[in-house]
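Spelled out from the first residue to the last, the chains are:
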Amino acid sequence: MEKKPLDRRTFLTYLGTGATALAAATTGLGALSDTANAQSDSLMRMKPRKKGFKFHPIAPTDKDDLVLPKGYKYEVIASYGDVINKNGDTFGFNNDFTMYFPIDKSSEHGLLWVNHEYTNPLYVEGEKVNDKYTSAQIEKMLYNQGGSIIEVKVKNGKWVLDKNSIYARRVTGLTPFALTGPAKGTAAVNGATKAQGTFANCSGGRTPWNTVLSCEENFEDTSKAANLDQTHYGWVIEVDPFNPNFKVRKHTALGRFNHENASVGISNDGRVVVYMGDDKKDACVYKFVSKGKYAAAKGKDNSKLLEEGTLYAADLANGQWLPLTIEAVREKAAGKADLLEKFQTQGDVVVNAHDAAILLGATPTDRPEDVEISPLDGTVFIAHTNNDKHGNIHGHITRFFEKDEDHGAESFEFEIFAAGGRQSGFSAPDNLTFDSNANLWTVTDISSSKLNSGAWTSFGNNGMFMIPTIGREKGEAFQFASAPKEAELTGPSFTPNEKTLFLSIQHPGEETEDKANPTSTWPQVRGGNTPRPSVVAITGFRF
């Protein structure tokens, strides 16, 4: 009997269970090596290895809760202000990117790195006094950004936060950082070899040597409020969640801009490649290719690979990666005294990466946010959230095909993989991740002030969607989750066995003006109605 085609209402999605595939997905290390299960496809080198859990997609809603398909549940693991260790450190505000690091390869015990993007004076530092913040307010602002390392485990069938963890700690806007790479010690960063703290931490990625990369995005307001040198922010930082003695660092070779994330791959000849987005209107897509080659035996010493290499920006019209070198920039700036004054060293190029990219002919795009590498074929997916300056209200997801399937290539082709709008059911794609069947998962970032109104009426609250990259439903979006009121879902991260999904719920009730009358009361922890950014564990994935 011929099977009836599946539509959006009746679709059942299948999620694979391969831990190896998931590791590839979260580190961006390229295709699986399970050739026994490989089958040809028009776009992918391999078919999914297994069939896994099923879900009935949910309908859009404006309910003030994290709404999931039937059979799935969430547990709040950590909320703003929660104590995370015996030292009394507390979980920061507006959690974003999460990354699960197994302990002893376990899917029920590990560390979570969690980004903290920005604060809200209504709940954290308080409003300015005489148009200025006090030193105590600035300290609160800086402490509650950066990152949290928390230890989580399954106990009596539920995920819990271990407050006695020997690993749990904070990395904040007060933590000393080392600078590496071409800007270190140069006039471009006012001679600095160190910087105070990290903040505006949006998304990130995992390195092959098991450290986390966290990205500084909209750093301008905090650095100005705290009277800090702005050239010290807007970088990709590196932290080892397991080792506090690993010197936290900012890699200037990867460029300074409004970083969304950093997705790591390996070129065909063994070099480390980092793909990055710049989250602002008319910004470019970047990648960094290391000079040296990755060697697993070197462990954490591979971090040095991120200190020297070539930073590129994408020219979409010509399908070229443009190297952002001081030689190329100065050649282009010939005869223009102001540009020649601005760009004198490679340090100047990386500090002013956006200006250098535009000067050399890179393509301005529509808020390129998360960039992720497919675990099955190595193609690169980029979430362009939106750009109302160009009439791109709902955004889209592009897909890069590197020449010869090589992350180190200098040329590529691209396609629009999926477009936001009523026809797809989603708007404003933001963070991306893959499961081991190469399904693309995206969360959305419709502005809180626009939700459930105007062009965004039909979408309900922000949500999470699964988009197959192969098969009959390729490119169609199926809604898995809906966020609480005025919240944004961020930082999806699966455990290796794919039975738990960690997810951040950021800024619930963001439009609140009066604490006594919040626009959201989620998640109602500690007996109050104060909306609290939180990380949850989603379970119910049956195999």
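Above: the structure in question.
Residue indices follow the written sequence of each chain, beginning from 1 at its first position. Note on the predicted model: pLDDT of at least 70 is required for a residue's local features to be given, and 80 or more for side-chain atom pairs to be given and counted; whole-chain, interface and lining totals, by contrast, use all residues. Note: side-chain values were computed over all heavy atoms of the structure, leaving out hydrogens and water.

Brief notes about the overall build of the chain
Link 1 in the chain: Of regular secondary structure, the chain possesses 7 helices and 30 strands.
Link 2 in the chain: By the compact-globule yardstick of 24 Å for 543 residues, the chain fits well, its C-alpha radius of gyration being 22 Å.
Link 3 in the chain: Across its three principal directions, the C-alpha atoms of the chain cover 70 × 60 × 50 Å.
Link 4 in the chain: Only heavy atoms enter the contact rule, under which two residues are in contact if any of them lie within 4.5 Å. Sequence separation of at least 24 residues holds for 62% of the intrachain contacts in the chain that already meet a minimum separation of 6.
Link 5 in the chain: Areas reported as accessible are Shrake-Rupley estimates using a 1.4 Å probe. Residue values count occlusion only from the protein chains shown. Carbon together with sulfur atoms contributes 47% to the accessible area of the chain, which is approximately 21300 Å² in total. Put simply, DSSP marks the helices as runs of H or I at least four residues long and the strands as runs of E at least two long, and each gets a number from the N terminus on. The globule rule used for comparison is 2.2 Å times the number of residues to the exponent 0.38, while the radius of gyration itself is calculated over C-alpha atoms.

What about the nonpolar core?
Link 1 in the chain: Nine residue types can take part in a nonpolar core, namely buried Ala, Val, Leu, Ile, Met, Phe, Trp, Tyr and Cys, and a core is a set of them joined through side-chain atoms within 4.5 Å. When accessible area is computed with a 1.4 Å probe and restricted to protein chains, residues below 20% of their type maximum are described as buried, those above 50% as exposed, and intermediate ones as partly exposed. Formed by 33 residues in total, the largest nonpolar core has its most connected members in Leu254, Val274, Met276, Tyr286, Phe288, Leu306 and Leu324.
Link 2 in the chain: When residues of this core are assigned to their parent elements, the largest contribution, 5 residues, is made by helix H7 (residues 353-360).

Comments concerning the sheet that holds strand S16 (residues 285-293)
Link 1 in the chain: Strand order in the open sheet formed by 5 strands is S13-S14-S16-S17-S18, with antiparallel pairing between adjacent strands. Either end of the sheet is taken by a strand with one partner, and the two such strands are strand S13 (259-266) and strand S18 (320-323). On average, each strand axis in the sheet is inclined to that of its neighbour by 30°, with strand direction left out of account.
Link 2 in the chain: Paired strands, in this sense, are two strands between which DSSP finds at least two bridges. Here strand S14 (residues 271-278) runs beside S16; their pairing, made up of 6 bridges, is antiparallel. Paired with tyrosine 275 across the two strands is lysine 287, which belongs to S16.
Link 3 in the chain: Working convention: axes come from line fits to C-alpha atoms, limited for helices to the stretch in contact. Angles between N-to-C directions cover 0 to 180 degrees. Contacts between H7 and the sheet are confined to S14, S16, strand S17 (309-315) and S18, with S16 contributing the most and set at about 100° to the helix.

Quick look at the sheet that holds strand S25 (residues 440-444)
Link 1 in the chain: Ordered by their spatial adjacency, 4 strands build an open sheet running S24-S25-S26-S27, and the pairing between neighbours is antiparallel. Whereas interior strands pair on both sides, the edge strands pair on one side only; in this sheet they are strand S24 (429-434) and strand S27 (478-482). Direction aside, neighbouring strands of the sheet carry axes that sit 25° apart on average.
Link 2 in the chain: Strand direction decides the pairing type here: S25 and strand S26 (residues 463-467), joined by 4 bridges, are antiparallel. Residue pairing in the sheet places tryptophan 441 in a bridge with methionine 466 of S26.

Comments concerning the pairing of S25
Link 1 in the chain: Of all 5 residues making up S25, 5 are buried, and the element is well covered by its neighbours.
Link 2 in the chain: Because side chains alternate across S25, one face comprises the buried residues Leu440, Thr442 and Thr444, and the other comprises Trp441 and Val443, equally buried.
Link 3 in the chain: Summarising the sheet, S24 and S25 pair through 4 bridges and their orientation is antiparallel. Across the sheet, residue proline 429 finds its bridge partner in S25, namely threonine 444.
Link 4 in the chain: Hairpin connection of S24 to S25: 5 residues between the antiparallel strands, including alanine 438 at a positive phi of 65°.

Some thoughts on empty space enclosed by the protein
To find leftover empty space, one rolls a probe the size of a water molecule over the atoms.
Link 1 in the chain: Using a 1 Å grid laid over the protein atoms alone, points where a 1.4 Å probe fits but cannot get out form a cavity; open sets with protein on both sides within 12 Å along at least 5 of 7 lines form a pocket; any residue with an atom within 4 Å of a point counts as lining. Grid points are joined across faces, edges and corners, and a volume is the space filled by probe spheres set on the points. Evaluated as defined, the whole model comprises 1 cavity of 30 Å³ or more.
Link 2 in the chain: Considering only enclosed or pocket space, the largest cavity measures out at about 150 Å³ in volume.
Link 3 in the chain: Forming the walls of the largest cavity are 21 residues, and the residues nearest its centre are Phe97, Met99, Glu372, Thr433 and Pro492.
Link 4 in the chain: When contributions to the lining of the largest cavity are tallied by element, the ones reaching two or more residues are helix H1 (19-27), strand S2 (95-102), strand S9 (201-206), S13, strand S20 (368-373), S24 and strand S28 (488-494).
Link 5 in the chain: Each residue is assigned to one class: nonpolar for Ala, Val, Leu, Ile, Met, Phe, Trp, Tyr, Cys and Pro, charged for Asp, Glu, Lys and Arg, and polar for all the others, Gly among them. Taken together, the residues that form the lining of the largest cavity break down as 8 nonpolar, 10 polar and 3 charged.

Some details on the packing of aromatic side chains
Link 1 in the chain: Aromatic pairing here means that ring centres of Phe, Tyr or Trp (its six-membered ring) are within 6.5 Å. Orientation follows from the plane angle: under 30 degrees is stacked, over 60 is edge-to-face, and everything else is tilted. This model, assessed by the stated rule, comprises 26 aromatic pairs.
Link 2 in the chain: Taking the centre distance of 6.3 Å and the plane angle of 90° together, the rings of tyrosine 100 and tryptophan 159 count as edge-to-face. Note that tyrosine 100 is positioned in strand S2 and tryptophan 159 in strand S5 (residues 158-161), a separation of 59 residues in sequence.
Link 3 in the chain: Seen in terms of ring centroids, phenylalanine 199 and tyrosine 233 are 4.4 Å apart; in terms of plane orientation they differ by 25°. Their pairing is stacked. Residue phenylalanine 199 is located in the loop between strand S8 (194-196) and S9, and its partner tyrosine 233 is located in the loop between helix H3 (220-225) and strand S11 (236-239); the two are separated by 34 residues in the primary sequence. Across this residue pair, the class does not change: phenylalanine 199 and tyrosine 233 are buried.
Link 4 in the chain: Either the NZ atom of lysine or the CZ atom of arginine qualifies as a charge over a ring when it sits within 6 Å of the ring centre and within 35 degrees of the ring normal. Directly above the ring of phenylalanine 101 sits arginine 206, whose terminal nitrogen or CZ lies 4.5 Å from the centroid.
Link 5 in the chain: In this structure, lysine 250 is placed above the aromatic ring of phenylalanine 177, and the distance from its NZ or CZ to the ring centre is 5.4 Å.

Some remarks on the pattern of salt bridges
Once the charged atoms of two side chains with opposite charge are near each other, the side chains can pair.
Link 1 in the chain: Any carboxyl oxygen of Asp or Glu within 4 Å of a side-chain nitrogen of Lys or Arg constitutes a salt bridge here. Per the stated rule, a full pass over the model turns up 17 salt bridges.
Link 2 in the chain: A salt bridge links aspartate 162 to lysine 153; the nearest nitrogen and oxygen atoms lie 3.5 Å apart.
Link 3 in the chain: Residues joined in a network through salt bridges with shared partners are Asp279, Arg367, Glu369 and Asp445.

What to know about the environment of threonine 469
Link 1 in the chain: Of note, threonine 469 is situated in the loop between S26 and S27.
Link 2 in the chain: Sequence separation between threonine 469 and alanine 418 is 51 residues, and the spatial gap between their C-alpha atoms is 10.0 Å.
Link 3 in the chain: The term polar contact refers here to a pair of N or O atoms within 3.5 Å; inside protein, the definition further demands a hydrogen-donor-capable atom paired with an acceptor-capable atom, and it admits residues adjacent in sequence only when both atoms are side-chain atoms. Among the polar contacts made by the side chain of threonine 469, one reaches the main-chain carbonyl oxygen of alanine 438 at a distance of 2.6 Å.

Some remarks on the environment of tryptophan 522
Link 1 in the chain: With respect to the secondary-structure elements, tryptophan 522 resides in the loop between strand S29 (501-506) and strand S30 (534-539).
Link 2 in the chain: Judged by relative accessible area, which is 3%, tryptophan 522 ranks as buried.
Link 3 in the chain: As a C-alpha pair, tryptophan 522 and arginine 367 span 155 residues in sequence and 29 Å in three-dimensional space.

Quick look at the side chain of threonine 98
Link 1 in the chain: Locating threonine 98 in the fold gives a position in strand S2.
Link 2 in the chain: The buried category is assigned to threonine 98, whose relative accessible area is 0%.
Link 3 in the chain: Within polar-contact distance, the side chain of threonine 98 engages the backbone oxygen of glycine 491 at 2.5 Å.
Link 4 in the chain: In this view, threonine 98 contacts Leu112, Trp113, Val114, Gly491, Pro492, Ser493, Phe502, Ser504 and Val535; residues no more than four positions away in its chain are not counted.

With respect to the pairing of S14
Link 1 in the chain: In terms of residue burial, S14 counts as a mostly covered element, since 7 of its 8 residues are buried.
Link 2 in the chain: The turn linking S13 back onto S14 is made up of 4 residues, and glycine 270 within it adopts a positive phi angle of 95°.

Let's talk about H7
Link 1 in the chain: Within H7, 6 of the 8 residues are buried, which leaves it mostly tucked inside the rest of the structure.
Link 2 in the chain: Listed in full, the buried residues belonging to H7 are Ala353, His354, Ala356, Ala357, Leu359 and Leu360.
Link 3 in the chain: Looking at the residues trailing H7, positive phi occurs at glycine 361, about 105°.

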